[in-house]
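What follows is the residue order along each chain.
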Amino acid sequence: MIPASTYANIDAVSHDDMANAIRALAMDAVQAANSGHPGMPMGMADVATVLFTKFLKFNPAHPTWADRDRFVLSAGHGSMLLYALLYLTGYERMPLDEIKKFRQLHSHAAGHPEVMHNAGIETTTGPLGQGIATAVGMALGERMLNAQFGDTLVDHHTYVIASDGDLMEGISHECCSLAGHLRLNKLIVLYDDNGISIDGKTDLSFSDETAKRFQAYGWNTWEVNGHDPAQIEAAIHQARESDRPALISCKTIIGLGAPTKANTASSHGSPLGEEEIAGARKNLGWIHPPYFIPEKILQAWRTAGARGAADYAEWDKRYQAAPAQARIGFEARQDCEILPAATKAIAEYKKQAVKDKPKIATRAASGQVLEAIKTLVPQLVGGSADLSGSNLTKTKGVPDVVQAGNFKGRYIHYGVREHAMAAAMNGLALHGGFVPYGGTFLVFSDYCRPAIRLAALMEQRVIHVMTHDSIGLGEDGPTHQPVEHLASLRVIPNVKVFRPADPVETAECWELALQNSGGPSVLALSRQNLPTVRTDYNENKSARGAYVLSDCKGTPQVVIMATGSEITIALDAQKLLEESGVAARVVSAPCLELFATQKDSYRAEVLPPAALRVAVEAASQMCWDKYLGEHGLFCGMSTFGASGPYEELYKHFGLTAPAIVTKIKDKLQAKS
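A quick note: this is a predicted structure, and the numbers were derived from the prediction, not measured. (Residues numbered from 1 in each chain as written. Predicted model: local features only at pLDDT ≥ 70, side-chain atom pairs only at ≥ 80, totals over all residues. Heavy atoms only, no water.)

## A word on the packing of aromatic side chains
Under the convention used in this document: Only Phe, Tyr and Trp rings take part, Trp by its six-membered ring, and two of them pair if their centres are within 6.5 Å. Stacked means planes under 30 degrees apart, edge-to-face means over 60, and tilted covers everything else. Helix numbers and strand numbers start at the N terminus; a helix is a DSSP run of H or I with at least 4 residues, a strand a run of E with at least 2. Buried, partly exposed and exposed residues are distinguished by accessible area as a fraction of the type maximum, computed with a 1.4 Å probe on protein chains only: under 20%, between the cut-offs, and over 50%, respectively. Note on criteria: charge over ring means Lys NZ or Arg CZ within 6 Å of the ring centre, with the direction from the centre no more than 35 degrees off the ring normal.
Overall, the coordinates contain 19 aromatic pairs when judged by the stated rule. An angle of 80° between the planes, with centres 5.4 Å apart, marks the rings of F214 and Y217 as edge-to-face. One end of the pair, F214, and the other, Y217, are both in helix 8 (residues 210–217), three residues apart, so they sit about a helical turn from each other. Owing to a relative accessible area of 14%, Y217 belongs among the buried residues under this scheme. Ring centres 5.9 Å apart and planes at 15° place the aromatic pair F441 and F444 in the stacked group. Each member of the pair F441 and F444 is classed as buried. Among the aromatic residues, ring-to-ring pairing joins W65, F149, Y312, W315, Y319 and F330 into one connected group. Lying across the ring of Y87, R302 places its NZ or CZ 5.2 Å from the centre. The residue whose ring lies beneath R333 is F434, and the NZ or CZ to ring-centre distance is 5.0 Å.

Next up, the structure:
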């Protein structure tokens, strides 16, 4: 039970009145939807009220203002906290009608926050740990842009509200360790330490000394009563002056005000119920009907939202007074358009590759493409999860971002932190001003997958350079040889998976990834050397997803589709088939997702219905069946790989031209 004195004088526009407006909206919306999480918004309303009324730099009239503070609700299950704040502070795209449609189809107030910059939603959250990790990327982005453009144009904080669940997830260790190493002092995390999870009290499974944990990362920490506005305000003031990332542990009561469900798991993920809400209204001194915010309280919130107009006007004045070159550079970074000069450089690279016909790994070709475009795409920022020399993601002469005070670089050493790397790249992209790419082995895409999925959902341009893409990596064995990974990435909606066959296709795939502004791209690249198979360079044929690489005379009896390192095998098989009188066509398919978007007529032209269709890929068959048809043939992997020289592995698993030709002839004979 809350002391009555805490909520006395309800007619005054006090902190309590403003915080209770959040609690009431959360209770009402969750109840109306018969679904949602009322407890966290009710518990963190005091913290959020202090943050939004006294500290957060934002302007609802200009929601995409480049120098706004970023606010990330990592505890995305408590989404009504965010939606209430956006409505109360006056964001046009979050009117009360949207809140009344909470969790309904097409509502801006989705079950968990879904990125909508022009409505004040900075990132999609819900999968715990992803929000705080994404925020690390945002905070890093702020420091990197600040290093280039100075305090005049870039000087803002990134605030996070995180839950117990966020800090239990392993990704929180990776990202917070990295943030501490880089001393991202503009990052402030407000930890909702309510001691409750879905199963009950957190001490069932969680007994960390959180403050000590974060101090070990190199953070500064504070502990406050999350219902004492003065303590909250003082801690945020101090955190803003910190020389390191800041964690403020806010001891709160989940479901504050609910007569029987406060401080219990029953307020976490279910509506309170009409009787409980009535009791909460009484305890809070909130006598108003559902969704009704008294004018005085609403205007107080709108005044809080309007205070950022002065900050915006001052920033705009500085921006207009900045040198023309700085303004042009800043605008270019925000637009993230790929300059024609970069496209030209890629075309020149392709031309030279066709001329020289090098035999190199596609990971090496990728590194050469990066060398060619590094000065022409200023938004490009790279990195690797401690595999720079293997991924070949680091270009010559590009300075590192290695420690606090050195944010002018364009290459990030993420350490062995694939989870954090992928999420931080999302944060860099969401922040604006960057086209991030990061490297690891394809088999470790499993660690990156949650963040890749969110990038796809958020339609963010993030490029994953994933090398050692098959059994072709050889002796490291099945633990490092991806088999199912191409398929697992291809089935994520809005992800483009590129597996180029040679330097020309590698350059084309890089061009397509840079142009893919509406989603993430994965470049699956070989460890072993591959010959240059393309003899032309004028058209980006990879843009079609699949195309005829080598045709036969007359109508093909067989069409062999392949990707990456298996293209050479397909070409050798084509020759053997021709020698035995079988007309075969070879189709290179560097991106099945792009091929699926082509017109039916084009796909039928490339893959004649009457021909036997064969797919060759040192990976799982999944995703090929729709192109193979009912009677097609797949030559690939149905088991894990093995340890040994890659040439022997290809023989062992039947991925050689003679073995494939034998299977094709058997299939043709069976058809006849």
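## Notes on helix 15 (residues 362–373)
Just so we agree on the cut-off: Helix span is expected to be 1.5 Å times the residue number reduced by one. Contacts are assigned to residue pairs that have any heavy atoms within 4.5 Å of one another.
Taking 1.5 Å per residue, 12 residues should reach 16 Å; helix 15 reaches 17 Å between its end C-alpha atoms and fits that length. Restricting attention to buried positions, one finds in helix 15 the residues T362, R363, A365, S366, G367, V369, L370 and I373. Turning to helix 15, the residues buried within the fold contact helix 14 (340–356), strand 8 (380–384), helix 16 (388–391), strand 11 (435–441), strand 12 (463–467) and helix 20 (503–515).

## Re the layout of surface pockets
Once rolled over the atoms, a probe with the size of a water molecule shows which space is left empty. This is how the line gets drawn: A cavity, in this analysis, means grid points on a 1 Å lattice covering only the protein atoms where a 1.4 Å probe fits yet has no way out; a pocket is instead an open set bounded by protein on both sides within 12 Å along at least five of seven lines, and a residue lines either one if it has an atom within 4 Å of a point. Grid points are joined across faces, edges and corners, and a volume is the space filled by probe spheres set on the points. Three categories are distinguished: nonpolar for Ala, Val, Leu, Ile, Met, Phe, Trp, Tyr, Cys and Pro, charged for Asp, Glu, Lys and Arg, and polar for the others, with Gly belonging to the last.
A volume near 500 Å³ is recorded for the largest pocket. Lining the largest pocket are 24 residues, with Q334, D335, C336, G432 and G433 positioned closest to its centre. Broken down by secondary-structure element, the contributors of at least two residues to the lining of the largest pocket are helix 13 (324–335), helix 17 (418–431) and helix 20. The greatest single-element share of the lining of the largest pocket, amounting to four residues, is contributed by helix 13. By residue class, the composition of the lining of the largest pocket is eight nonpolar, nine polar and seven charged. Looking at the second largest pocket, its volume works out to about 300 Å³. Along its surface, the second largest pocket is lined by 15 residues, and L530, S565, T568, I569 and Y646 are the ones closest to its centre. Looking at the lining of the second largest pocket, its residues break down into seven nonpolar, five polar and three charged.

## Observations concerning the sheet that holds strand 1 (residues 70–73)
The strands making up a sheet associate through hydrogen bonds between their backbones, and the pairing can be parallel or antiparallel. Rule in force here: Note on pairing: DSSP must find at least two bridges between two strands before they are called paired. Lines fitted to C-alpha atoms define the axes, with helix axes restricted to the stretch in contact, and inter-axis angles between N-to-C directions lie between 0 and 180 degrees.
If you walk across this open sheet you meet the five strands as 1-2-3-7-6, and the pairing is parallel. In this open sheet, the two edge strands, each paired with only one partner strand, are strand 1 and strand 6 (220–225). If you compare each strand with its neighbour and ignore which way they point, the axes differ by 20° on average. In this structure, strand 1 lies alongside strand 2 (residues 158–163), joined through four bridges in parallel fashion. Residue pairing in the sheet places L73 in a bridge with I161 of strand 2. Along the sheet face, helix 9 (residues 229–240) touches strand 2, strand 3 (187–193), strand 6 and strand 7 (246–251) and points at about 170° away from the line of strand 6.

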